[in-house]
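Each chain, letter by letter, is given below.
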Amino acid sequence: MSGKIMVVGFGPGDVKHMTYRAKEALEESDVIVGYKTYVDLIRPFLNGQEIISTGMTEEVSRAQAAVKKAEEGKKVAVISSGDAGLYGMAGLVYEVLIAKGWREETGVPVEIIPGISAINSCASLLGAPVMHDACTISLSDHLTPWELIKKRIEAAARADFVIALYNPKSGRRTRQIVEAQQILLAHRPPDTPVGLVKSAYRQRQHVVLTTLKEMLEYEIGMLTTVIIGNSTTFVYDGKMITPRGYQRKYTLDREKQLLAPHERLRPEAEPWALNGPEKPAQAKAPETKSAEKKAGEQAPDKTPYQWAMEAWQRLEAQREGGVTAPEGNATFNQGALNGQMEEIFEAAVSPGLANKQFKPEQLQKLAEVVGDKGSIRYSRHHQLLVEIPTSDPEQVVNQLKNVGLLVEPVGDVVQIKACDFCDGEKFDSIPYAEELHKRLGGLAVPKTLKIGFNGCGMACYGAVNDDIGIVYRKGRFDLFLGGKNISRTAHPGQPVAEGIPPEELVDLIERIVRFYAEEGHPNERFHKFFKRVKEIEGFKYQDMRPPITVEPMVCGD
Ligand code: SF4
């Protein structure tokens, strides 16, 4: 039996952009199987082959027909525009074969022939927008639930991918591109560059360079690919360009560079990298606690962004003249080349440690600072989580602090969660909560560490379920270690001590936390750390898990 299936990606449609192997495959085939419009595009390469062409939604019947013909001994070319392995026919052909029990050793041979996909062909017409991490998302909800597509857009937007939207709109499917734009606008500035390319390298090719805010004012259809820039993408002289990151280390308009090429591999040349010269920060906050640390302590940890900016500034200080923006009609999105790079500033905002009441002017200021570009979410820990694109996080923090708001880091840091002390009436223990917050709040630790602090034995804010629980009772403190407050295997902390004298509490907690900060493994939660080390400050670990065994589940299971 000499039958074979070749799944051919023939690229954008212009013969000049078809691969040599794709042309060969078409010429050596006995049968061509494809969507009618695509068959017309490759007719110049046909020499009397049998043609099986069907309509737009008849992919399954095409794949079945191709398998049948190959099993009869024919060489079959199944054609896809772009790349056959990206929204093309390659996967479906395999699925149809697998349903028939196909095995590579015994079944018809299959060859997948790659082609240029729209993300590449359209990018080449726009300039160089896909120079960094990118993804493709099809907005067609014909085979994929829209809710899932929305999640993917959200995730890609948050993760700062350059995004290529395939199948953005059709005659009946018009809402998806509108909703996609709304999701993207929640995470990217309205002036983010966007390229709209219709029929790349075909007769009716049309290219538009616009912005995220204005993209819907232009024609978008089934033949359009929408390319959304990331936070560093800029437009220069009609070209959409995403920097690869060279400008972080090199001055692009000088011949002799400060860093030799081999220095890229030295940790000190890349302090932001995983294996940088100093311990990488785990906290995301821009705030440091330097003013609150004792003399002789280590310098405060920095975020990866802060590492990168500091390294760049050190290089800048040594350069002659520094980096200048190119002349011309450049519109730099977030100033990727001029040092004003924006980051997404994340923080937890609350009215205070014990105070749980926002004042109207605080909320007004918060809304003003967050603006249209940022977002505010309410957390289950009584905090507002804000995300604000800014090149000056310190100014943001100062604006919020000036109206009395508490601005705290998020991420793998120590977080103090106090109750409201019965609206401040049970005030005796508040100074100890504040001292703990002052000494430890925001300290980088292997995994987020919640210290629950409740002002009486009611413990109505659930301190006993936190990583470290502190309950004030009869003028002294009870201590709980290793609580786990989520999942089906949740359990309270182990009651390790009752009646700790107030003057001993803060020092004791600080020693526990610093031991965890220094000895914990990366990502190791405090309850697991306690179990591993078996003893902290003389408190011996005891298993507090529920007596019955339940299977731990990850999100979504
Ligand atoms: S834990 Fe006690 S002091 Fe705190 S709010 Fe509840 S009842 Fe009031």
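Above this note sits the structure.
The structure presented is a predicted model; accordingly, all values stated were derived computationally and were not measured.

Trainee: What exactly am I supposed to notice about the overall build of the protein here?
Mentor: Across its full length, the protein holds 13 helices and 24 strands. In the protein, which comprises 557 residues, the proportion classed as buried is 46%. Counting contacts in the protein only where the partners sit at least 6 residues apart, residues at least 24 apart contribute 65% of the total. For the protein, the computed accessible surface area is about 28,800 Å², with 50% contributed by carbon and sulfur atoms.

Trainee: Hey, could you run me through the side chain of Thr-489 in this one?
Mentor: Take Thr-489: it is sitting in the loop between β21 (476-481) and β22 (494-500). What makes Thr-489 buried here is its relative accessible area of 10%. A distance of 2.4 Å separates a polar atom in the side chain of Thr-489 from a polar atom in the side chain of Lys-484. A distance of 2.8 Å separates polar atoms of two side chains, one belonging to Thr-489 and the other to Ser-487.

Trainee: Quick question: what am I supposed to make of the site of the ligand here?
Mentor: Lining the immediate environment of the ligand, one finds Cys-419, Asp-420, Phe-421, Cys-422, Lys-426, Asn-454, Gly-455, Cys-456, Met-458, Ala-459, Cys-460 and Tyr-461. Considered class by class, the residues forming the shell around the ligand number 8 nonpolar, 2 polar and 2 charged.

Trainee: Can you walk me through the pairing of strand β15 (residues 375-378) in this structure?
Mentor: Here is the key point about a regular strand: its side chains alternate between the two faces of the sheet. The pairing of β15 with strand β16 (residues 384-390) spans 4 bridges and is classified as antiparallel. Residue pairing in the sheet places Ile-376 in a bridge with Val-386 of β16. What sits between β15 and β16 in their antiparallel hairpin is a turn of 5 residues, with His-382 showing a positive phi close to 60 degrees.

Trainee: What is the right way to look at the sheet that holds β15 in this model?
Mentor: Two strands in a sheet stick together by hydrogen bonds in their backbones, pointing the same way (parallel) or opposite ways (antiparallel). Read across the sheet, 4 strands follow the order β15-β16-β14-β17 without closing on themselves; strand pairing throughout is antiparallel. Where the open sheet ends on each side, the last strands, each with one partner, are β15 and β17 (406-408). Looking at each pair of strands side by side, their axes are set apart by 30 degrees on average, direction ignored. Bridge count for strand β14 (residues 343-350) against β16 is 7 bridges, and the pairing is antiparallel. The residue of β16 that forms the bridge with Ala-348 is Leu-385. The strands touched by helix α9 (residues 360-370) are β14, β15 and β16; relative to β16, the strand with the most contacts, the crossing angle is about 40 degrees.

Trainee: Would you take a moment to explain the pairing of strand β3 (residues 50-54) for this structure?
Mentor: Examined bridge by bridge, strand β2 (residues 31-35) and β3 share 5 bridges and lie parallel to one another. In the sheet register, Val-33 faces β3, and the bridge partner there is Ile-52. What joins β2 to β3 is helix α2 (residues 36-41), and the crossover it makes is right-handed.

Trainee: How should I be thinking about the packing of aromatic side chains in this particular structure?
Mentor: A ring pair, where both rings are aromatic, is described by two values, the distance of the centres and the angle of the planes. What the rule picks out here adds up to 14 aromatic pairs. Aromatic ring contacts, followed pair by pair, group Phe-515, Tyr-516, Phe-526, Phe-529, Phe-530 and Tyr-541 into a single cluster.

Trainee: How should I be thinking about the pattern of salt bridges in this particular structure?
Mentor: Side-chain pairs of opposite charge can arise where the charged atoms are in close proximity. For the structure on display, the rule yields 25 salt bridges. The partner of Arg-511 in a salt bridge is Glu-537, with the nearest N and O atoms 3.0 Å apart. Note that Arg-511 is positioned in helix α12 (residues 502-519) and Glu-537 in the loop between β23 (535-536) and β24 (539-540), a separation of 26 residues in sequence. Given the relative accessible area of 42%, Arg-511 is considered partly exposed. Of the residues examined, Glu-537 reaches a relative accessible area of 37% and is grouped as partly exposed. The network of salt bridges with common partners includes Lys-4, Arg-21, Glu-24, Glu-28 and Glu-111.

What counts and how
Residues numbered from 1 in each chain as written. Predicted model: local features only at pLDDT ≥ 70, side-chain atom pairs only at ≥ 80, totals over all residues. Heavy atoms only, no water. Helix = DSSP H or I, 4+ residues; strand = E, 2+ residues; numbered from the N terminus. Buried < 20%, exposed > 50% of the residue type's maximum accessible area, 1.4 Å probe, protein only. Contact = heavy atoms within 4.5 Å. Areas by Shrake-Rupley, 256 points an atom, 1.4 Å probe, with all protein chains shown as cover. Polar contact = N/O pair within 3.5 Å; in protein donor to acceptor, adjacent residues only side chain to side chain. Near = heavy atom within 4 Å. Nonpolar A, V, L, I, M, F, W, Y, C, P; charged D, E, K, R; others polar. Pairing = 2+ DSSP bridges. Axes fitted to C-alpha atoms, helices over the stretch in contact; angles between N-to-C directions. Right-handed = clockwise from strand over helix to strand, strands pointing away. Phe/Tyr/Trp six-rings, centres within 6.5 Å; stacked < 30°, edge-to-face > 60°. Salt bridge = Lys/Arg side-chain N within 4 Å of Asp/Glu carboxyl O.

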